[in-house]
Structure formats: C-alpha cells, structure tokens
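Fold and geometry: a report
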Amino acid sequence: MSKTPASLLLLTALSFAQNPRTMFPAVRGTREMVGAANNLEVEAGYRILEQGGNAVDAGVASVLAAAVTEQDHFGLGGEIPLLVKMNGKPVIVVSGIGVAPKRATVEYYEKRPVEPWEQPGLRRPPIPGQGIRAAITPGVVDGLLLALEKFGTKSFAEVATPAIEDADAFPATEIFSGTLGMFQRIIALWPTSQQFYFPAGSVPKAGEIVHMPNLARTLREMAAAEKKAHGNRAAKIRAVHDVFYKGDIARRIASFNEQNGGLISYDDLANFHAELDEPRSTTYRGFTVNKPGFFTQGPVMIEMLNILEGFDLKAMGHNTPEYLHTVIEAVKLAFADRDRYYGDPKFSKIPEEILLSKSYAAQRRKLIDPDHASMESRPGNLGASAPMTGSEGVSKDRDTTCVDVFDKFGNAFSATPSGAWLPSVIAGDTGIPLSIRLASFVLTPGHANQLGPGKRPRVTLSPTLVTKDGEFYMELSTPGGDNQDQALLQVLLNILEFGMTPQEAVESPRFQTEHFYTSFDFHEFTPGLVGLEGRMSRDTIQRMSALGHRVQIGGEWSNTSAPVVILKKDGVLSGAADPRRGRFIFGK
C-alpha cells in the first residue's frame with residue numbers, strides 16, 4: 001500500500017510532461033521557421049527554404065499559397081503591408097496596398113446606387129461593405145513582386161509553384177467550407193463568383209477537393225511572362241508585374257469592371273506600383289518595435305507602448321483588474337489618435353513626430369483615470385485633420401491572415417495579407433477575387449482618411465518586428481481587423497513583461513476593446529465596450545465592471561485575433577501558433 005502514492009505521483013508527473021500548459025505544443029528550432037494559417041501555406045514556404053531560398057522567397061510563397069487555400073480571409077486581389085529584416089540590415093516596409101480608382105470620388109459615393117443586397121429606404125454604409133463598387137486596385141501582387149525583386153533570391157515561377165499546385169487541387173478546410181456556406185446567397189448574385197466557388201452547384205465540404213482552374217491559369221500566365229522575358233532576374237520579375245498590371249490580365253480585370261459597374265480602369269492598374277518605406281518605431285524596455293507607417297494602423301502600437309512605459313505593469317500582475325484597466329485605457333487613447341489623424345501620408349499631413357514621441361505619450365498618460373473607464377473618444381488636440389465621424393449601424397467583422405518566416409541566414413519576413421475575402425467578386429475569367437477595401441475610407445470633409453482617387457485607404461493591417469541592439473529578436477502578426485494591434489500588444493507584453501514563452505503568450509486570455517470608430521462600413525463608435533474571454537476570473541470581471549467598463553463575457557477562446565510569433569533567443573527559435581482558430585507553425 002505504501003507504494004501507491006509514489007506511483008500516483010509518477011503517473012501525475014508523466015501526465016504533465018505529456019500534456020504541457022499550452023493547447024498547441026511548443027515549436028522550437030535553431031535554423032528556420034515558418035508560421036501561417038494552415039499546413040499548405042507553411043509547407044509552401046518551408047519547401048522554398050529547403051530549396052535554398054531565403055525568408056523573403058519563402059514568405060512570398062506562403063502568401064501566394066494563402067491566396068489560394070485561404071480565400072475565406074484573403075485573396076490575390078487584396079493588399080499587404082510587410083516588414084523585411086535582412087541580416088545585418090535595418091527593417092524595411094513594403095507597401096502593397098492598392099489605391100482608390102480615379103473614378104472613386106466622394107461625390108460618386110454620396111449618390112451611389114443601392115446594391116442588390118441592400119433594401120431601399122434602410123440605412124446604408126457610405127461605401128458598400130462588399131461588391132465590385134468597394135474594390136481598390138489589387139496591391140498584394142506588386143507588393144510581393146517588389147519584395148521578391150529587392151530581397152529575395154528565387155524566381156517568381158519557383159515561389160509560385162506551390163500555389164499553382166494548390167489551385168489545381170487542394171482539400172477544403174472547415175473554415176473555407178463554412179464561410180462559403182455562410183455567404184452562398186450573396187455569392188450567387190455574381191455569376192463569375194458562383195461558377196468559381198460552386199462549379200458543382202453546391203458548397204464543397206471540408207476535405208473535399210477544390211479546383212480553381214482559372215486562378216491556376218492566371219498564376220501560370222504570370223510565371224510564363226517571367227520565363228519569356230529577357231534580361232536579369234529583376235527585369236524578369238518586372239515582366240510579371242507588367243503582365244498583371246499592364247498586360248492581358250489587367251485588360252481582363254478592367255473589362256470586367258467596365259461591364260459590371262465597377263470603377264477600376266486599365267489606367268488605374270497600369271499606373272499602380274508598390275512602394276518601399278521606412279518603418280515607424282519606438283523603444284520599449286530596451287527593445288525596438290518596428291511597425292508599418294500611417295497608411296496602416298501600425299503606429300497605434302507605438303503610442304500604446306510609449307504610454308505604458310510609464311507604468312510598472314509587472315508589479316500590477318498579469319491580467320489583474322489594475323493591469324487590464326491601465327492597458328485598455330492606453331489602447332483607447334492610441335485608437336482615438338488613429339481615428340482622427342491616420343491616412344495616406346502622400347495625400348494628408350500626418351503629425352507623426354508628435355504622435356510617436358515619448359513627450360506626447362507622457363501627456364496622454366495623464367489622461368488615464370485609475371478609478372474610472374473613459375467613455376469618450378479623446379484624440380490629442382493637434383489640429384491636422386477634421387474630427388472623425390461615424391454613422392448609426394453595425395459594421396460587419398472584417399478579417400485577414402498572417403505569414404511570418406525566419407531563415408537560416410538570419411533574415412526575417414513578417415506580413416499581414418488581407419482583402420479579397422469571401423464573399424468576393426471574381427474578376428471575369430481571371431480567377432482573381434477583388435478587394436473591398438474602399439469601405440475603409442471615410443467621406444468626412446477634411447479628414448486624413450477621406451476618400452480620394454489614387455489614395456491608399458488606412459488599413460488595419462499591422463505586422464510587427466522587434467529588434468534588440470539592431471539584431472532580430474521577434475516577429476509577430478495576426479488577423480483580426482481592428483483587434484490586431486491590441487491583441488499583438490498583449491502578446492508582446494506577455495513576453496517582455498511577464499516572461500512567457502511565445503506559445504503561452506498567444507494562448508493567454510485576452511481582452512478586446514471596441515472603444516473606437518470601426519475601420520469598416522458605418523465607422524460607428526462604441527464607447528466603453530470591452531470583451532473579456534471567459535477564462536478571466538469572476539472577481540476580475542466584477543472589478544472591471546465596477547470601474548465602468550461595459551464588459552461582455554465571451555467564450556473561453558473567443559478573442560477574434562490569432563497571432564503567430566517567432567522569437568530568437570540564445571540561438572533558439574521559439575514559435576507560437578494561436579489555437580483560437582487555424583494557425584500553423586513549423587521549424588527546425
């Protein structure tokens with residue numbers, strides 16, 4: 001009898017060893033790592049790494065595979081900001097964000113027609129939340145081509161091979177099938193989409209083989225243009241750009257728009273080019289956090305971190321009421337500045353030196369009342385943009401995906417591909433779904449993000465790359481629309497302040513405030529609302545309500561973001577994939 005307790009202790013220890021504290025097992029390596037949304041995307045990137053490619057080659061391959069297999073959240077007609085850190089070099093931003101067509105004016109949308117899914121007489125968003133009249137020019141293709149040309153080593157044909165194979169045949173995922181079923185009625189409004197997604201007349205079941213022959217043909221046309229081109233590697237990659245934006249593919253996209261009430265013209269496509277940019281950054285506890293610029297919401301994290309640097313968050317304790325209240329209030333202040341001042345810097349004067357400064361953050365920090373939740377949008381009084389306005393209505397949730405890669409050469413790629421998600425309009429026989437990102441503009445006169453021809457909408461997309469003494473330390477990105485930067489902030493603080501492993505950090509319970517003007521459709525403001533995952537303690541939830549937060553309790557894993565993280569420390573790569581929904585990571 002005396003041996004029984006010892007045996008039970010041994011069994012308990014073995015059970016814990018086999019069942020660690022995280023839902024997804026820790027992924028570690030010493031050479032290279034790829035994180036994305038599903039196994040096909042990760043395999044595409046990892047295949048390129050095994051063939052000698054670098055992180056940019058692999059990242060482009062993974063994004064192209066996502067444009068085929070993850071059209072529930074992203075398609076080839078969408079947009080992408082990405083961060084590249086080549087070993088020993090500074091971080092670079094690639095803006096693959098499309099622009100408003102020249103015919104997309106405020107006047108047009110003030111008098112826009114009623115869409116087939118909208119009921120006359122009922123409240124409508126200023127710009128449709130879906131359909132062909134919500135499309136900007138496809139930006140992701142040239143963003144990937146620019147990154148590949150400047151920082152990659154492989155040809156387009158090489159990195160596109162996994163995506164072409166997927167377009168020929170891939171097994172449908174649960175989320176792809178479920179999303180198609182959810183939007184089956186509206187997809188039926190567009191014959192090209194109906195034929196593309198339901199060639200057999202029904203929703204493909206999870207595990208059923210999906211064929212996308214038109215998209216496969218378009219990708220092959222692009223690869224063929226590269227092979228036919230003369231000159232060096234850069235010239236051949238530019239030939240891919242030309243066939244997509246100036247050649248036969250562009251003409252077919254433009255013709256489809258002209259025949260179906262869309263605004264994208266051939267000239268809009270021919271004049272589009274992705275751009276390189278410098279990151280916006282700040283220091284936090286000795287680390288440098290790099291984000292894309294003000295054509296995204298990325299700089300909000302910089303302001304959040306600058307504000308929070310003045311608090312002893314670790315002493316507050318992880319996810320205590322004091323900690324949650326402080327972080328949420330900082331997030332609200334940063335979002336208020338996003339809503340008021342962010343837009344395309346090529347068209348609007350952004351007071352970015354002030355917004356990113358430590359001194360401005362110190363002023364903002366004083367606005368946080370430790371005993372009361374704020375109920376107002378409180379941007380700084382910087383006078384550079386008209387006040388944000390919203391309208392009554394409920395915007396539809398928008399979403400995206402993410403890809404992160406680190407290679408054996410010490411290079412890193414972090415991206416947030418998005419747009420052209422379901423329900424999407426397929427542009428004729430190209431197989432390319434169009435974006436709906438025009439819905440992220442506002443019509444408010446004088447606002448930094450006011451709609452204008454040739455202008456980039458201020459997107460929610462926000463990859464993150466962290467360095468330490470100039471060297472790569474961590475990259476992280478996530479889907480989640482407006483939730484992206486508050487989710488990434490919590491993951492980052494979990495690691496830097498509380499010493500969690502990346503997997504522990506992404507799985508830890510999160511909040512999700514809605515205290516901002518949403519980036520889509522009606523751009524409504526929802527004061528004080530904050531969602532807490534059900535794993536938060538009852539005492540914490542009660543205390544947050546007592547502080548004045550309008551608390552909504554969700555499921556235990558209900559947060560709508562799903563980050564991927566790759567961290568390098570002491571020569572070891574540690575990866576994380578959020579189990580809240582499909583994320584996948586692999587390395588060695």
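Here the residue numbering is sequential within each chain, running from 1 through the sequence in written order. In view of the model being predicted, local features appear only for residues whose pLDDT reaches at least 70, and side-chain atom pairs are presented and counted only at 80 or more, with totals across whole chains, interfaces and linings using the full set of residues. With hydrogens and water stripped out, all remaining heavy atoms of the structure feed into the side-chain values.

**Here's the deal with the packing of helix α11 (residues 233–245) against helix α12 (residues 248–259)**
- At a minimum axis distance of 4 Å, the contact between α11 and α12 shows a crossing angle of 25°. As judged from the angle between their axes, α11 and α12 are roughly parallel. Of the residues in α12, those touching α11 at Val-243, Phe-244 and Tyr-245 are Asp-248, Ile-249, Ala-250 and Ile-253. Comment: axis = line fitted to C-alpha atoms, over the contacting stretch for helices; angle = value between 0 and 180 degrees taken between N-to-C directions. Secondary structure elements follow DSSP: runs of H or I no shorter than four residues count as helices, runs of E no shorter than two count as strands, and numbering proceeds from the N terminus. Orientation categories follow fixed angle ranges, with anything under 35 degrees roughly parallel, anything over 145 roughly antiparallel, 65 to 115 roughly perpendicular, and all other angles oblique. Only heavy atoms matter for contacts: two residues are in contact if any of them lie within 4.5 Å across the pair.

**Description of α12**
- One fewer than the residue count of a helix, multiplied by 1.5 Å, yields its expected span. For α12, with 12 residues, the first-to-last C-alpha span of 16 Å sits near the 16 Å given by 1.5 Å per residue.
- Relative accessibility under 20% of the residue-type maximum defines a buried residue, over 50% an exposed one, and the middle range a partly exposed one, all with a 1.4 Å probe and only protein chains included. Listed as buried for α12 are Ile-249, Ala-250, Arg-252, Ile-253, Ala-254, Phe-256 and Asn-257.
- Next to the buried residues of α12 lie α9 (191–197), α10 (213–228), α11 and α13 (266–270).
- Two residues or fewer after α12 comes Gly-261, characterised by a positive phi angle close to 80°.

**Regarding the sheet that holds strand β8 (residues 280–284)**
- Strand pairing requires that DSSP identify at least two bridges connecting the strands. Ordered in space as β1-β18-β17-β13-β12-β9-β8, the seven strands form an open sheet in which the pairing is antiparallel. Across the chains shown, the open sheet's two edge strands, defined by having one partner strand only, are β1 (27–29) and β8. Across the sheet, the mean angle from the axis of one strand to that of its neighbour is 20°, orientation sign disregarded.
- Taken strand by strand, helix α14 (residues 299–308) contacts β8, β9 (287–291) and β12 (464–468), and its axis lies near 25° from that of β8.

**Focus: unusual backbone geometry**
- Leu-422 connects to Pro-423 through a cis peptide bond whose omega is 0°.
- Relative to the assigned elements, Pro-423 resides in the loop between β11 (412–415) and β12.
- In this structure, Asn-319 is a non-glycine residue whose phi angle is positive, near 55°.
- Inspection of the secondary structure assignment puts Asn-319 in the loop between α15 (313–316) and α16 (321–341).
- For Asn-319, a relative accessible area of 11% corresponds to the buried category.

**Considerations on the environment of Trp-421**
- Following the sequence through the fold, Trp-421 ends up in the loop between β11 and β12.
- Its relative accessible area of 7% is what places Trp-421 among the buried residues.
- Sequence separation of Trp-421 and Pro-299 is 122 residues, and the distance between their C-alpha atoms is 25 Å.

**Let's talk about the sheet that holds strand β3 (residues 80–85)**
- One open sheet accounts for seven strands, arranged β7-β4-β3-β11-β10-β2-β19; its pairing is antiparallel. Sheet topology places β7 (275–277) and β19 (584–587) at the edges, where each strand pairs with a single neighbour. Pairs of neighbouring strands in the sheet enclose a mean axial angle of 15°, with direction left out of account.
- In this sheet, β11 lies alongside β3 in antiparallel orientation, the contact comprising four bridges. Looking across to β11, one finds that Leu-83 is bridged to Ser-414.

**Side note on the packing of aromatic side chains**
- Put simply, two rings from Phe, Tyr or Trp (the six-membered ring, in Trp's case) pair if the centres are within 6.5 Å, and we call them stacked under 30 degrees between planes, edge-to-face over 60, tilted for the rest. Across all of its chains, the model carries 14 aromatic pairs by this definition.
- Measuring from centroid to centroid gives 4.8 Å for Phe-196 and Tyr-197, while their planes differ by 85°, and the two rings are edge-to-face. Each of the two residues, Phe-196 as well as Tyr-197, counts as buried.
- Between Phe-287 and Tyr-473, the aromatic rings sit 4.8 Å apart at their centres with planes inclined by 50°, giving tilted as the arrangement. Placement of the pair is Phe-287 in strand β9 and Tyr-473 in strand β13 (residues 471–477), with a sequence separation of 186 residues. As far as burial versus exposure is concerned, Phe-287 and Tyr-473 are alike and both buried.
- Through a chain of ring-to-ring contacts, the aromatic side chains of Phe-244, Tyr-245 and Phe-272 assemble into a single cluster.
- Put simply, a charge is over a ring when the Lys NZ or the Arg CZ is close to the ring centre, within 6 Å, and near the line of the ring normal, within 35 degrees. Geometry around Phe-516 places Arg-338 over its ring, the cationic atom sitting 5.4 Å from the centre.
- The ring centre of Trp-557 lies 3.7 Å from the NZ or CZ of Arg-535, which sits over that ring.

**Considerations on the confidence of the model for the protein chain**
- For every residue, the predictor reports its confidence as pLDDT, a number between 0 and 100. Put simply, the protein chain has an average pLDDT of 95, and 96% of its residues get 70 or more.
- Residue range residues 11–19 is modelled with pLDDT below 50. Its contacts to residues more than four positions away, or to other chains, number one contact.

**A look at the pairing of β12**
- The buried fraction of β12 is high, at four of five residues.
- In the sheet, β9 pairs with β12 via three bridges, with the strands oriented antiparallel. The residue of β12 that forms the bridge with Asn-290 is Leu-465.
- Inspection of the sheet shows β12 paired to β13 by five bridges, in the antiparallel sense. Bridge pairing links Lys-468 to Glu-471 in β13.

**Structural notes on the pattern of salt bridges**
- When a carboxyl oxygen of Asp or Glu lies within 4 Å of a side-chain nitrogen of Lys or Arg, that pair is called a salt bridge. Evaluated as defined, the whole model comprises 33 salt bridges.
- Among the ionic pairs, Arg-338 bridges to Asp-339, the shortest N-O distance being 2.8 Å. Side by side, Arg-338 and Asp-339 carry an identical accessibility label, which is buried.
- A single network of salt bridges, built from pairs that share partners, joins Arg-510, Glu-533, Arg-535, Asp-578 and Arg-580.

**Section: the side chain of Lys-154**
- Here Lys-154 is to be found in the loop between α5 (140–151) and α6 (156–168).
- For Lys-154, a relative accessible area of 12% translates into the label buried.
- Among the polar contacts made by the side chain of Lys-154, one reaches the main-chain carbonyl oxygen of Gln-51 at a distance of 2.9 Å.
- Beyond its immediate stretch of four places on either side in the chain, Lys-154 contacts Ile-48, Gln-51, Gly-52, Gly-53, Asp-57, Leu-148, Val-159, Arg-233 and Ile-237. We define a polar contact as two N or O atoms separated by no more than 3.5 Å, with the added condition that, inside protein, one atom must be a possible hydrogen donor and the other a possible acceptor, whereas residues neighbouring each other in sequence contribute only through side-chain atom pairs.

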